[in-house]
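# Residue-level structural notes
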Amino acid sequence: MTEGTQTRKNIDPNKHTGVKVFAPASVANVACGFDILGFALERPGDEILVRYADTPGLKITKITGTKKKLPLDVMGNTAGVAAWKVLEALGETGLGIEMEIHKKMPFGSGLGSSAASAVGGAMAINELLGRPFEKRDLLPFALAGEAVASGGIHADNVAPSLLGGFTLVRDSLTCDIARVPVPRGMFATVVYPYVEVLTKEARAMLKTEVDLKLSIQQSANMGAFIIGMMNSDFDLIRRSLKDLIIEPQRAPLIPHFYEVQKVALAEGVLGCSISGSGPSIFALSNNSLTAENAGKAMQAIFKQHNIECELFISAINNDGAKLV
Ligand code: HSE
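Residues numbered from 1 in each chain as written. Predicted model: local features only at pLDDT ≥ 70, side-chain atom pairs only at ≥ 80, totals over all residues. Heavy atoms only, no water.

## Section: the site of the ligand
Selection rule: Here, proximity means that at least one heavy atom of the residue falls within 4 Å of the molecule or strand. Residues adjacent in sequence count toward polar contacts only when both atoms are side-chain atoms; beyond that, a polar contact is any pair of N or O atoms within 3.5 Å, and within protein one must be able to donate a hydrogen and the other to accept it. In short, Shrake-Rupley with a 1.4 Å probe defines the accessible areas, and a residue's cover is counted only from the protein chains shown. Note on residue categories: nonpolar means Ala, Val, Leu, Ile, Met, Phe, Trp, Tyr, Cys or Pro, charged means Asp, Glu, Lys or Arg, and polar means any other residue, Gly included.
Neighbouring the ligand are Asn29, Phe34, Asp35, His154, Asp156, Asn157, Arg203, Arg250, Gly276 and Ser277. Contacts to the ligand include Asp156, whose side-chain N or O atom sits 2.6 Å from a nitrogen atom. Relative to its free-state accessible area of 260 Å², the ligand is covered by the protein chains to the extent of 95%. Across the shell around the ligand, the residue classes tally to one nonpolar, five polar and four charged.

Printed below as a string of structure tokens:
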């Protein structure tokens, strides 16, 4: 879907005086689909509020929940740019609108923090204006917002945060996104250790050439994973949820990664790898008990090594961003 194919309805500026939107965190890459696969969590997530104001133009009036100083300047802010792009597409940049951004998740955690803010910004404006665009058509605006933080167009966090569920990005530039069915009972475990991994560095360190044998095996994993998801075939998912190319290169950035992965697999998870560019580590399970037990075991490893961490257990969030 491209910007040109958006289905725009009539704007109804009186429908709401103010709206609040929740945009969830997401796990990108998901072991077998570097840069193309992602899924949404139920929590954490960001909240974006927008309301009409008397003075014309879009203004960011408040940002809470982050130690990192985020720009109040609309054009330097992921949520601001995404919101602005929606207004621009509607020819409504003169409307007086105030925006508040309430960050509920850390930056640089590998949980798609900037993607969630961008999604929230685009969706909040769309809701305030009476939903002139279909949700899916907000993707290009949210991607433009996320590009402010990432410096590129990557839909692997934006797509699941907006649309929910598992998404496969066939092509980010044209927003060609496919939904992957989610088997009943699938749960995610995410452990976020308080260590810093910068996405830019985690990308810059990757080899630009891939060994042909590894590429073949990884394509096979990716294809088989999708078939496993479509058929609720957890054994096939378990055999496929592997990253032979990126994980070995990035694992050294996360202290004790292999120890954490080992205890998660010992608890019976389907697979465990790096969430996005890290440092968070995710696991997928076919029931909530395994997800919880794995989470406790993973957390215990970081505690043993005196590394503070946060644990999130979540069903796959099939709704994505929503009005609160
Ligand atoms: N897929 C990206 C990476 C992160 O692993 O570098 C999210 O866009």
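That covers the picture; the talk isn't over yet.
## A short note on the packing of helix α1 (residues 78–90) against helix α2 (residues 113–128)
To keep things clear, this is the line we draw: A fitted line through C-alpha atoms represents every axis, and for helices the fit uses only the stretch in contact; the resulting angles, taken between N-to-C directions, go from 0 to 180 degrees. Here a helix means four or more residues in a row that DSSP labels H or I, a strand means two or more in a row labelled E, and each is numbered from the N terminus. Handedness of a crossing follows from how the near helix is turned relative to the far one, being left-handed for an anticlockwise turn of less than a right angle and right-handed for a clockwise one. Only heavy atoms matter for contacts: two residues are in contact if any of them lie within 4.5 Å across the pair.
Taken N-terminus to C-terminus, the directions of α1 and α2 make an angle of 30°; their axes are 7 Å apart at the nearest point. Helix-helix and strand crossings are classified by hand; for α1 and α2 the assignment is right-handed. Across the interface between the two elements, Thr78, Ala79, Ala82, Ala83, Val86 and Leu87 of α1 pack against Ser114, Ser117, Ala118, Gly121, Ala122 and Ile125 of α2. For the contact of α1 with α2, the class distribution of residues is eight nonpolar, four polar and no charged.

## Overview of α1
Keep this limit in mind: Helices are assigned an expected span. That span is 1.5 Å times one less than the residue count. For every residue, the accessible area (1.4 Å probe, protein chains only) is compared with the maximum for its type, and the residue is labelled buried under 20%, exposed over 50%, or partly exposed between those bounds.
Compared with the 18 Å implied by 1.5 Å per residue over 13 residues, the 19 Å span of α1 between its first and last C-alpha is a close match. Within α1, burial applies to Thr78, Ala79, Gly80, Val81, Ala82, Ala83, Val86, Leu87 and Leu90. Sitting at the head of α1, Asn77 places a side-chain oxygen 2.9 Å from the backbone nitrogen of Ala79. Positive phi appears at Gly91, one or two residues downstream of α1, with a value of about 65°.

## Brief notes about the pattern of salt bridges
Put simply, the rule reads: What makes a salt bridge here is a side-chain nitrogen of Lys or Arg within 4 Å of a carboxyl oxygen of Asp or Glu, nothing more.
The tally for this structure, following the rule as stated, stands at nine salt bridges. Here Asp35 ties to Arg203 by a salt bridge, and the two come within 2.7 Å at their closest N and O atoms. With Asp35 in the loop between β1 (18–28) and β2 (37–52) and Arg203 in helix α5 (residues 199–204), the pair connects residues that are 168 residues apart, well separated along the chain. Accessibility expressed as a relative area gives 22% for Asp35, which makes it partly exposed. Between Asp46 and Lys103 there is a salt bridge, and its shortest N-O distance comes to 2.4 Å. Note that Asp46 is positioned in strand β2 and Lys103 in the loop between β4 (96–102) and α2, a separation of 57 residues in sequence. The class for Asp46 is buried, based on a relative accessible area of 0%. Among the residues examined, Lys103 registers a relative accessible area of 4% and is labelled buried. Overlapping salt bridges bring together Lys20, Glu47 and Lys104 as one network.

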